[in-house]
Amino acid sequence: MKFIKTFEQFEVSEGFRYHMENGLDITNSVYRIGSDAYKQLFEETKKYWDEDNIILSDKAAWMAANLEVGKAAVDSDGKKVELDTPKRGGDKKFYVYHNSGKKDDDDNIVAVRIEWGDATGLSIKNDDPKAAASFWARQQCDLKKSMDPLTPKFWACYAPSLFGKQLGLSSTQPW
Amino acid sequence: MKPYFEERISKHEVIRTFSQSVEEEELQWHWDEEDRLVVPLEETDWQFQFDNELPFTIKEVINIPAGVIHRVIKGTGELKVKILK
């Protein structure tokens, strides 16, 4: 991530400055995914991105344009959730909430819960390049239709690359 | 398996050594049930990080209150600390 102008002109946060100076961004942040600090970093990055003040890597730019990490929403039962913050657990290996594009009567964003990953006890093999390449080809991750964050396929294909470090995965390849 | 070797030196004190070969993903965010003091025993460039804060190099005694999320970040060589529980 790079500031187009000198970022000293902006009152950037200490955390944002640290990431800039250490060649980090929202895809490989030192903050814990789901923490307040990460949410703040994401919002700040998105703000500068929207204002055309920073250059982001492909992955970070895609995230800034398409995800709303940490934004408050409610699920279909009205329970408070955070958008685009993948976690381990649920009926499958991982789950996440993504903006459905709808709002409830109280103007809250309504989120859809998406689960992915094997549920039969198979281990994650995304650190095996052959297995990862086979998965990528089998799932057709390259196709545009696979890049919809409302689908489990998107998260299976891209969560390791976007959130692998934060999810504690040993590789950023797909599984 | 724990990402460190531990030697108990008294009821409330252990010497914990993290090997250079530990994988970064083994050093997970976590919290402990009791307050802890971490005392570095050797000079190191390993780092410590509290949740919602930036990492810092382990140079002085670190007080970790119970329930506070934190993690260790791998540096070069091994990390040797004394932990008082």
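To keep things clear, this report deals only with the structure shown in the data block. The model shown is predicted, which means the values in this text are computed figures rather than measured ones. (Residues numbered from 1 in each chain as written. Chains lettered and ligands numbered in written order. Predicted model: local features only at pLDDT ≥ 70, side-chain atom pairs only at ≥ 80, totals over all residues. Heavy atoms only, no water.)

### A look at the state of the cysteines
Residues and elements named next belong to chain A.
- Per the counting criterion, the structure on display carries one disulfide over all chains.
- Between the sulfur atoms of cysteine 141 and its disulfide partner cysteine 157 the distance amounts to 2.0 Å. Here the S-S torsion is close to -70°, and the disulfide linking cysteine 141 with cysteine 157 is therefore left-handed. One end of the pair, cysteine 141, is in the loop between helix H4 (129-138) and helix H5 (152-163); the other, cysteine 157, is in helix H5, and 16 residues separate them in sequence.
- Judged by relative accessible area, cysteine 157 falls into the buried class, the value being 1%. (Disulfide = S-S within 2.5 Å. Helix = DSSP H or I, 4+ residues; strand = E, 2+ residues; numbered from the N terminus. Buried < 20%, exposed > 50% of the residue type's maximum accessible area, 1.4 Å probe, protein only.)

### Describing the interface of chain B and chain A
- Contact residues are listed per partner, giving eleven residues for chain B and twelve residues for chain A.
- Counting the surface lost from both chain B and chain A, the interface buries some 970 Å², and carbon and sulfur atoms represent 55% of this.
- Counting the surface chain B buries against chain A, the share from its top three residues, Glu25, Asn52 and Leu54 of chain B, is 50%.
- Where chain B touches chain A, the interface holds one salt bridge.
- Across the salt bridge formed by aspartate 51 of chain B and arginine 32 of chain A, the nearest N and O atoms sit 2.6 Å from each other.
- At the surface where chain B touches chain A, the tally comes to five residue pairs in polar contact (both at pLDDT 80 or more).
- Taken together, the residues of the side of chain B that touches chain A sort by class into four nonpolar, three polar and four charged. (Contact = heavy atoms within 4.5 Å. Buried area = accessible area lost by both parts, 1.4 Å probe. Salt bridge = Lys/Arg side-chain N within 4 Å of Asp/Glu carboxyl O. Polar contact = N/O pair within 3.5 Å; in protein donor to acceptor, adjacent residues only side chain to side chain. Nonpolar A, V, L, I, M, F, W, Y, C, P; charged D, E, K, R; others polar.)

### Looking at the sheet that holds strand S1 (residues 5-10) of chain B
Residue and element names in this part refer to chain B.
- Strand order in the open sheet made by the five strands is S1-S2-S8-S3-S6, with antiparallel pairing throughout. At either end of the open sheet lies a strand with only one pairing partner, and these are S1 and strand S6 (62-64). Between one strand axis and the next, the sheet turns through 25° on average, direction left out of account.
- Here five bridges tie S1 to strand S2 (residues 13-18), and the two strands are oriented antiparallel to one another. Bridged to phenylalanine 5 within S2 is threonine 17. (Pairing = 2+ DSSP bridges. Axes fitted to C-alpha atoms, helices over the stretch in contact; angles between N-to-C directions.)

### Here we look at the nonpolar core
- The biggest cluster of nonpolar side chains holds 42 residues, and the ones touching the most others in it are Phe16, Tyr38, Met63, Leu67, Trp155 and Phe163 of chain A.
- For this core, the elements supplying multiple residues, two or more each, are helix H1 (14-21), helix H2 (36-50), helix H3 (58-66), strand S6 (94-103), strand S7 (109-116) and H5 of chain A.
- At eight residues, H5 of chain A tops the list of elements feeding residues into this core.
- Each residue touching phenylalanine 163 of chain A, except ones within four places of it in the same chain, is listed here: Ile33, Tyr38, Met63, Leu67, Val69, Asp84, Pro86 and Trp155 of chain A.
- By size, the runner-up hydrophobic cluster in this structure holds 16 residues, among which are Tyr4, Val14, Trp46 and Ile58 of chain B. (Core = buried A, V, L, I, M, F, W, Y, C linked by side-chain atoms within 4.5 Å.)

### Section: the sheet that holds strand S4 (residues 47-50) of chain B
Residue and element names in this part refer to chain B.
- Sheet architecture is open: three strands sit in the order S5-S4-S7, paired in antiparallel fashion. Both edges of this open sheet fall to strand S5 (56-57) and strand S7 (70-73), since each of them pairs with a single strand only.
- By the bridge criterion, two bridges tie S4 to S5 in an arrangement that is antiparallel. Across the sheet, glutamine 47 pairs through a bridge with threonine 57, a residue of S5.

### Remarks on the pairing of S7 of chain A
Residue and element names in this part refer to chain A.
- Of all eight residues that make up S7, six are buried, and the element is covered over most of its length.
- When S6 meets S7, the two strands line up antiparallel, connected through eight bridges. Residue pairing across strands places tyrosine 97 opposite arginine 113, the latter belonging to S7.
- Between S6 and the antiparallel strand that follows it, S7, lie five residues; aspartate 107 among them carries a positive phi value of about 70°.

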